[in-house]
Amino acid sequence: MIVICVIDDHGGMLFNHRRQSQDRILRAWILQRTKGKKLWMNAYSYEQFAAESAPHIVVSQQFLHEAAAGDYCFVETCRLKAVESRIEAVIVYRWNRSYPTDFWLDLALTPPHWVQTHTAEFAGNSHPYITEEIYLPAAHGEET
């Protein structure tokens, strides 16, 4: 599975059980990137995508265990460490801001386990720029 998550400058994802922020251009970006593949998410995340015309979205509370290889998983409220061995890539969108946080991304996307292979910036609707980063698992036992 390919994980998609959105974090602040400190890896934060939620505060008081709510997403820190959202952006309609980022949602469109994600839907375009995942077009033609399944995009899994839980009901909480679906709330922000519900108005979009996206028949490839699959909603399930157990989506991290149901997604197959090559499927995308949009993650806002879930821990990933337990399923890390199934993750083929992580696409991170950074708000480039610091928000109040009490729930963080629980993967350390650093060598020797992960390698950043891509970075790009684009203008969002509510954020002047959003950074996209792609991480791939490093080859077993190799330092990068």
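Here we summarise the structure given alongside this text. (Residues numbered from 1 in each chain as written. Predicted model: local features only at pLDDT ≥ 70, side-chain atom pairs only at ≥ 80, totals over all residues. Heavy atoms only, no water.)

**Examining the pattern of salt bridges**
All told, the structure shown has five salt bridges when counted by the stated rule. When the shortest N-O distance is used, the salt bridge between Lys81 and Glu84 registers 2.8 Å. (Salt bridge = Lys/Arg side-chain N within 4 Å of Asp/Glu carboxyl O.)

**Some words on empty space enclosed by the protein**
Applying the stated rule across the entire model yields one cavity of 30 Å³ or more. The calculated volume of the largest cavity comes to roughly 110 Å³. Residue lining of the largest cavity: 15 residues in total, with Val6, Ser21, Phe74, Glu76 and Trp95 positioned closest to the centre. No other element matches the three residues that helix H1 (residues 24–34) contributes to the lining of the largest cavity. (1 Å grid on protein atoms, 1.4 Å probe; cavity = no way out; pocket = protein on both sides within 12 Å on 5 of 7 lines; lining within 4 Å. Points joined across faces, edges and corners; volume = space filled by probe spheres on them. Helix = DSSP H or I, 4+ residues; strand = E, 2+ residues; numbered from the N terminus.)

**Side note on the environment of His127**
Structurally, the position occupied by His127 is in the loop between strand S9 (114–122) and strand S10 (130–137). The exposure class assigned to His127 is buried, which follows from its relative accessible area of 2%. Expressed as a C-alpha distance, the spacing of His127 and Val59, which sit 68 residues apart in the sequence, is 27 Å. Once residues lying within four places of it in the same chain are set aside, the contact partners of His127 are Ser21, Gln22, Asp23, Trp95, Arg97 and Tyr99. At a separation of 2.8 Å, a polar atom in the side chain of His127 contacts the side chain of Ser126. (Buried < 20%, exposed > 50% of the residue type's maximum accessible area, 1.4 Å probe, protein only. Contact = heavy atoms within 4.5 Å. Polar contact = N/O pair within 3.5 Å; in protein donor to acceptor, adjacent residues only side chain to side chain.)

**Structural notes on unusual backbone geometry**
Cis geometry is found at the peptide bond from Pro111 to Pro112, where omega equals 10 degrees. Note on placement: Pro112 falls in the loop between strand S8 (103–104) and S9. Phi is positive for Asn16, which is not a glycine, with a value near 55 degrees. The residue Asn16 is located in the loop between strand S2 (12–15) and strand S3 (18–19) in this model. In this model, His17 sits at a positive phi of 65 degrees, which is unusual for a non-glycine residue.

**Concerning the nonpolar core**
Of all hydrophobic cores here, the largest spans 24 residues; its most connected members are Leu64, Val75, Leu80, Ile87 and Val90. Among the elements of the structure, strand S1 (2–7), S2, helix H3 (63–66), strand S6 (72–75) and strand S7 (89–94) are those that each provide at least two residues to this core. The element best represented in this core is S1, accounting for three residues. The contact partners of Val75, leaving out residues within four places of it in the chain, are Val3, Ile4, Cys5, Met13, Phe63, Leu64 and Leu80. Leu39, Met41, Ile91 and Ile130 belong to the second-largest nonpolar core, a separate cluster that totals 20 residues. (Core = buried A, V, L, I, M, F, W, Y, C linked by side-chain atoms within 4.5 Å.)

**Description of the sheet that holds S8**
Read from one edge of the open sheet, three strands run S3-S2-S8, paired in antiparallel fashion. If you trace the sheet from one side to the other, it starts and ends with S3 and S8, each paired once. (Pairing = 2+ DSSP bridges.)

**Quick word on the pairing of S2**
Bridging between S2 and S8 involves two bridges; their strand directions are antiparallel. Residue pairing for S8: Leu14 is matched across the bridge by Phe103. Bridge count for S2 against S3 is two bridges, and the pairing is antiparallel. Counterpart to Leu14 in the pairing with S3 is Arg19. The turn joining S2 and S3, which pair antiparallel and follow one another in sequence, is formed by two residues; a positive phi near 55 degrees is taken by Asn16.

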